[in-house]
Amino acid sequence: MTNNDTILRFHNVTKSFHVGSAPLIGHRATVVAVRDFSLSVHAGEIVGLVGQSGAGKTTVGRLALGLERPDRGDIAFEGESLVARSRRQLRPIRQRMHMIFQDPYQSLHPSMRIWELVAEPLEIAGVRRLQRRAAAQRALETVKMTPSSQYLDRFAHELSGGQRQRVAFARAQIGAPRLVVADEPTSMLDVSLRAGILELVLQFREGGHNGVLYITHDLAVARHICDRIAVMQAGGLVELGAADQIINQPTHPYTRRLLQAATNIGHG
């Protein structure tokens, strides 16, 4: 990979949060969510960020989008550092990124119609209403919500969980982002619906122009869709490699425990 292929790069990033209060000693407790974290996402690849709850995965995703700022280290998007930029300076950069949440209700406003939700990134970019609606219709077709005319004027609460997540993917695709951060997008769906959503994740990689950071606790899912897997434990990166290498020849005890847990679940 060349530098031009690198969409996202973390270099020795640390992020901590102050939680609760401790009035007797006069300060709040500090939790280190991400510690000395380094990772890159290149064009044309899906990088799986794997770990148990509390490992720091979602914080990494928020840092990637500039929603959180690191205490130390650097985060670069398309070669440009995000760390020292103001919110105003980050706004046009974020238009080239998109996050897909675990629960699509987090990103789907209940009072907006489906076409408005899907086309919102275009509205932010200044695209006219008729063009936005036509683009939303095409995007819904792309995520296999057909015929799209049946969905355009409905509301999110009228759709199933799987349909809402497809709307979230259509919304992500319409702005043609270079980076997609997908945070556990299948974990709230029935097993029967997950394969279809994973196919949509793979679509972002087509053409070799975009990169995906796929956050999951499920190594089995990561193995099937990711090119590389990064394993996080307690805020740190403990193992990184090609997906097959991580699955077949793990070197860290924590990775082996995750694999064992996944095997046990699969046989349960």
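Since this is a predicted model, take the numbers as computed values, not measurements.

Calculation criteria
Residues numbered from 1 in each chain as written. Predicted model: local features only at pLDDT ≥ 70, side-chain atom pairs only at ≥ 80, totals over all residues. Heavy atoms only, no water. Salt bridge = Lys/Arg side-chain N within 4 Å of Asp/Glu carboxyl O. Helix = DSSP H or I, 4+ residues; strand = E, 2+ residues; numbered from the N terminus. Buried < 20%, exposed > 50% of the residue type's maximum accessible area, 1.4 Å probe, protein only. Pairing = 2+ DSSP bridges. Contact = heavy atoms within 4.5 Å. Core = buried A, V, L, I, M, F, W, Y, C linked by side-chain atoms within 4.5 Å. Axes fitted to C-alpha atoms, helices over the stretch in contact; angles between N-to-C directions.

Draft legend 1. Summary view of the pattern of salt bridges. Per the counting criterion, the structure on display carries ten salt bridges. Here Asp74 makes a salt bridge to Arg9, at a shortest N to O gap of 3.4 Å. Of this pair, Asp74 sits in strand β4 (residues 72-77) while Arg9 sits in strand β1 (residues 6-19), and the two are 65 residues apart along the sequence. Taking the shortest distance from any N to any O, the salt bridge between Glu120 and Arg171 comes out at 2.8 Å. Here Glu120, found in helix α3 (residues 114-124), pairs with Arg171, found in helix α5 (residues 161-174); they are 51 residues apart in sequence, far enough to count as distant. A relative accessible area of 23% places Glu120 in the partly exposed class. Salt bridges linked by common partners bring Lys15, Arg62 and Glu68 together as one network.

Draft legend 2. Layout of unusual backbone geometry. Following Thr146, the chain continues to Pro147 via a peptide bond in cis, the omega torsion being -10 degrees. Checked against the element boundaries, Pro147 lands in the loop between α4 (129-142) and α5. Even without being a glycine, Asn12 presents a positive backbone phi close to 50 degrees. Mapping Asn12 onto the fold places it in strand β1. You can call Asn12 partly exposed: its relative accessible area is 38%. Within the chain, Ala176 stands out as a residue other than glycine whose phi angle is a positive 50 degrees. Of note, Ala176 is situated in the loop between α5 and β7 (179-183).

Draft legend 3. Structural view of the pairing of strand β9 (residues 228-233). For β9, a buried count of five out of six residues is recorded, marking the element as mostly surrounded by other parts of the structure. Bridge count between strand β3 (residues 46-50) and β9: four bridges; the pairing is parallel. The residue bridging Gly48 from the neighbouring strand is Ile229, located in β9. Direction of pairing for β9 relative to strand β10 (residues 236-242): antiparallel, over a ladder of six bridges. Directly across from Ala230, in β10, lies its bridge partner Leu240.

Draft legend 4. Spotlight on helix α6 (residues 191-203). Every buried residue of α6 is accounted for by Gly196, Ile197, Leu198, Leu200 and Val201. For α6, the elements touching its buried residues are β3, α4, α5, β8 (211-216) and α7 (219-225).

Draft legend 5. Highlighting helix α1 (residues 57-64). Judged by how many residues are buried, α1 sits mostly within the fold: six of eight residues are covered. Turning to α1, its buried residues number three or more, namely Lys57, Thr59, Val60, Gly61, Leu63 and Ala64.

Draft legend 6. Just the nonpolar core, in detail. Core analysis: the largest hydrophobic core is formed by 50 residues, its most contacted members being Val118, Leu140, Val167, Phe169, Ile174, Tyr214 and Ile229. If sequence neighbours within four positions are ignored, Tyr214 has contacts with Ile46, Val47, Gly48, Leu49, Ala182, Pro185, Thr186, Leu198, Val201, Val221, Ile225 and Cys226. Counting 30 residues, the second largest nonpolar core, distinct from the first, contains Ala55, Leu90, Ile93 and Met97.

Draft legend 7. Inspection of the sheet that holds β1 at higher detail. If you trace the four strands from one edge of the open sheet to the other, you get β2-β1-β4-β5, paired in antiparallel fashion. Every other strand in the sheet has two partners, leaving β2 (29-42) and β5 (80-81) as the edge strands with one partner each. When β1 meets β2, the two strands line up antiparallel, connected through ten bridges. Paired with Ser16 across the strands is Val32, a residue of β2. Taken strand by strand, α1 contacts β1, β2 and β4, and its axis lies near 120 degrees from that of β1.

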